[in-house]
Amino acid sequence: SLQNLIGVETQMHLTCTDMNREAIAAVLDQTRQKGIQNILALRGDPLQGSDQWQSRDMRFRHAIDLVRFIREEHGDYFGIGVAGHPEGHIEAESYRTDLEFLKEKVDAGADMVLSQLFYDADLFLRFVEDCRDIGIECPIIPGIMPIHNYNTFARVTRFCRSVPKRVLEEIEPIRNDDAAIKDYGVTLLADICQTLVDAGVPGLHFYTMNLEQQVRRILEEIGVVPEKIGRPLPWRSSANVNRSEEDVRPIFWANRPKSYLARTMTWDEFPNGRWGNADSPAFGSLTNFH
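Not measured: the values here are computed from a predicted model. (Residues numbered from 1 in each chain as written. Predicted model: local features only at pLDDT ≥ 70, side-chain atom pairs only at ≥ 80, totals over all residues. Heavy atoms only, no water.)

Peer 1: Any details on the overall build of the protein chain? Residues and values, ideally.
Peer 2: Secondary structure assignment for the protein chain yields 11 helices and six strands. Each of the 290 residues in the protein chain was classed as buried or not, and the buried ones make up 38%. Within the protein chain, contacts between residues separated by at least 24 positions form 71% of all contacts whose residues are at least 6 apart in sequence. With the model as given, the accessible surface of the protein chain reaches about 17900 Å², and the carbon-plus-sulfur share is 50%. (Helix = DSSP H or I, 4+ residues; strand = E, 2+ residues; numbered from the N terminus. Buried < 20%, exposed > 50% of the residue type's maximum accessible area, 1.4 Å probe, protein only. Contact = heavy atoms within 4.5 Å. Areas by Shrake-Rupley, 256 points an atom, 1.4 Å probe, with all protein chains shown as cover.)

Structure below.
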């Protein structure tokens, strides 16, 4: 829906976790049929309840195996992204070793690098310089993780080798004040994002965790949200490659003051609204089923 109706380019996350060759091939075929052209190829995290990552198919043990398979099966159809770690992966032998692994993924066919979260702009910029020094020339996009509360912050920073001492010292006194934590996170990350934008990063990738408010506040703080978004057509153009040439739609689509989804997402009554959950008391007792 995001790509077809809203016109936002989407990227499908694909991992090796609990996947075999047949399952991966099927997912790629379905993704292509839906007109999605971007894949983020990852090894993935261990299965829930396990501390160690295990491969279901020995042909897919690392992200590079996915990159090679995608290129072999689909050529240049997909744009492929891979993960990069500004401090080195927490399981890597060393930072330099991890950089070499990243270069191998790019050489195998990756088009861009998306970074793991961090809370130090200089750390990311040094990472980019080190990547360039060893021949990684593709775009490297910083991964930004907003701070929603202390417990979430403590959990996600397990994926970092370190957190700046200044950040830990400033966040500790307000750890039990969610509103203060959010305000601090906006100020901290807006400053980081502004530094990165000024340094010329090709974009910002936010880990929203389905919580958009903090992202909006950060973007507003650095002034990158336009007051009005112009469109060449009266509707949002689809980002689906299969609908890229679409230039005609029924005229009533252009005249709706609000989208159908926005107007009906909370309706659960019948016949006044859309069909909703069959457990809704609005339906009464459903006895004449077949």
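Peer 1: Go over helix 9 (residues 213-221), please, and point to the residues and values.
Peer 2: Taken residue by residue, helix 9 has Gln-214, Val-215 and Ile-218 as its buried positions. Down the axis of helix 9, the buried side of the element spans an arc of 100°, and every buried residue falls inside it. In the core, the buried residues of helix 9 are packed alongside helix 8 (178-198) and strand 6 (205-206). Positioned one or two residues after helix 9, Gly-223 has a phi angle of 70°, which is positive. (Arc of directions from axis to C-beta.)

Peer 1: Just give me the short version of the environment of Val-67, but keep the residues and values in it.
Peer 2: Take Val-67: it is sitting in helix 3 (residues 63-74). Each C-alpha atom of the pair Val-67 and Asp-111 lies 10.0 Å from the other, and the pair is 44 residues apart in sequence. Sequence-distant contacts of Val-67, that is, excluding residues within four places in its chain, are made with Ala-41, Ile-80, Val-82, Lys-105, Ala-108, Gly-109 and Ala-110.

Peer 1: Mind laying out the pairing of strand 5 (residues 140-144), listing which residues take part and the relevant values?
Peer 2: Two faces belong to every sheet, and in a regular strand the side chains alternate between them. Where burial is concerned, most of strand 5 is hidden: five out of the five residues are buried. Alternating positions in strand 5 separate into two faces, Ile-140, Pro-142 and Ile-144 on one and Ile-141 and Gly-143 on the other, with burial throughout. Note that strand 4 (residues 112-117) and strand 5 share three bridges and pair parallel. When the bridges of strand 5 are listed, Leu-114 appears paired with Ile-141. For the segment spanning strand 4, helix 5 (residues 121-133) and strand 5, crossover handedness is right-handed. (Pairing = 2+ DSSP bridges. Right-handed = clockwise from strand over helix to strand, strands pointing away.)

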